[in-house]
Amino acid sequence: MDYIVDKDLEFLKNIDSKKLNYLGHILLYDRIGKNRSTAFDESFELLSLNENNRDIKNWQIFAREIQCFGGNSFVNTVRRNGVMYQEILDDVANKMELTESLKGKNAVEKETKIIEKLKKYVEKIIQVQEELSIEEFQYVLREYFDTSSAMERLLQEAAAEQKHWVYKIGNYIIDKFYPEFKLFNPNWSVIMQAIVEISLLRNSTQGLSIAILGASKAGKSTLLKYLKTGKFIQLDEGSMSLERETSFVSPILNMPINEGETVPGDKIYVDKQKALCQNKDLILFCFNPKEVLEVNEKKNDFLSRLGMLKDLNEAKKIVFIATHGDLYVEKQVRFDLYKMIHTAEMGDVSSKLNIDDFLCVNLKDEVSTKEMFDIIKEKLL
């Protein structure tokens with residue numbers, strides 16, 4: 001069988017061979033550890049070499065297994081290859097009643113929605129107190145739904161949850177008395193576990209690089225701590241130096257972060273701000289609107305920083321955050337800032353950077369801060 005060039009699986013070439021081992025086990029072994037009859041001998045050899053610390057990395061073999069596993073085995077034999085990963089995801093979406101909502105979406109978006117729907121249903125039936133992380137969800141699937149029949153029943157119930165009772169009864173009768181007409185693939189457990197693992201592997205190679213800008217004491221360090229810990233940490237003094245956190249999963253954004261960096265508020269960094277932001281995916285621009293509106297020096301600093309951002313790549317995500325939300329009335333501040341920016345002939349910059357759509361937050365209030373980050377996450381998706 002041949003591997004089909006598949007852009008949605010190409011990222012596997014950047015994954016360390018050791019990290020591919022669990023995906024290999026899902027694809028090559030059944031629930032009691034026996035070899036899957038559909039797998040190829042060279043795939044077992046590759047997995048064995050990986051586990052014995054041999055320096056070998058042929059990600060295409062596992063990618064081919066995924067493609068073949070998602071296709072009809074007879075048709076695969078005739079055409080000498082499996083199916084593209086998008087087709088596998090589309091089949092899953094169809095089984096889970098998600099086809100319409102995922103029309104036109106890319107592989108990452110489909111993975112996310114498929115996992116999200118099944119995870120929510122699993123959380124419901126096992127009655128967890130808090131939302132499961134993706135790793136915890138993976139553990140639950142492996143420990144409690146690792147058989148084909150268990151996963152099949154889970155998917156049937158998740159897909160039929162909102163359906164009419166007649167559908168549910170009909171599906172039960174088919175499952176009970178006519179198993180040959182089962183709605184789902186008998187290897188559905190492996191398909192779902194593979195999708196979850198692929199999503200985890202994909203996230204391990206993808207992460208945001210974030211720059212946090214603003215004047216001194218605008219809340220930059222506090223925001224960085226939020227990103228790293230998900231909690232408010234009281235900081236009494238403004239930072240006078242660059243702060244940097246690398247390679248972590250943000251609990252408040254629920255996504256990997258390659259780098260989070262604050263750009264110091266000192267004036268000497270204003271001119272360097274643009275260069276520091278060039279390689280960042282997300283820019284959080286913090287400002288204290290009360291100071292900007294009432295202190296002329298702060299106003300000029302704010303406008304100067306805006307001017308430095310106007311020539312950045314338009315594809316970059318820039319979010320403006322009005323901090324110290326406990327010190328002002330939001331509606332009035334929005335009006336006054338709009339007037340100030342446009343009076344200062346910064347209207348074109350405002351329009352390009354979408355400054356008028358800034359977020360207001362009191363960083364001491366963890367609930368409102370979490371809501372703000374939820375909005376930022378939506379902007380990123």
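Residues numbered from 1 in each chain as written. Predicted model: local features only at pLDDT ≥ 70, side-chain atom pairs only at ≥ 80, totals over all residues. Heavy atoms only, no water.

Right, let's talk about the environment of Lys34 for a bit. With respect to the helices and strands, Lys34 occurs in the loop between helix H1 (21-28) and helix H2 (41-51). Residue class for Lys34 comes out exposed when judged on its relative accessible area of 53%. For Lys34, the contacting residues outside a window of four places in its chain are Leu28 and Tyr29. (Helix = DSSP H or I, 4+ residues; strand = E, 2+ residues; numbered from the N terminus. Buried < 20%, exposed > 50% of the residue type's maximum accessible area, 1.4 Å probe, protein only. Contact = heavy atoms within 4.5 Å.)

What follows is about the packing of aromatic side chains. Under the counting rule described, the total for this entry stands at eight aromatic pairs. On the basis of an interplanar angle of 80° and a centroid distance of 5.5 Å, the ring pair of Tyr3 and Trp59 is categorised as edge-to-face. Placement of Tyr3 in the segment before H1 and of Trp59 in helix H3 (residues 59-69) is noted, with a sequence separation of 56 residues between them. Overall, Trp59 belongs to the buried group, its relative accessible area being 10%. Seen in terms of ring centroids, Phe287 and Phe302 are 4.9 Å apart; in terms of plane orientation they differ by 50°. Their pairing is tilted. Residue Phe287 is found in strand E4 (residues 282-287), and its partner Phe302 is found in helix H14 (residues 296-309); the two are separated by 15 residues along the sequence. The rings of Phe285, Phe287, Phe302, Phe320 and Phe358 are connected pair by pair, giving a single aromatic cluster. (Phe/Tyr/Trp six-rings, centres within 6.5 Å; stacked < 30°, edge-to-face > 60°.)

What follows deals with the nonpolar core. Among the nonpolar cores identified, the biggest contains 47 residues, and Leu12, Ile66, Tyr85 and Leu118 are the most heavily contacted of them. If you list the elements that add at least two residues to this core, you get H1, H3, helix H5 (85-95), helix H6 (107-126), helix H7 (134-144), helix H8 (148-160) and helix H10 (188-205). Ile252, Leu253, Val319 and Leu359 belong to the second largest nonpolar core, which has 24 residues in total. (Core = buried A, V, L, I, M, F, W, Y, C linked by side-chain atoms within 4.5 Å.)

Take it as geometry only, folks, not as evidence of what the structure does.
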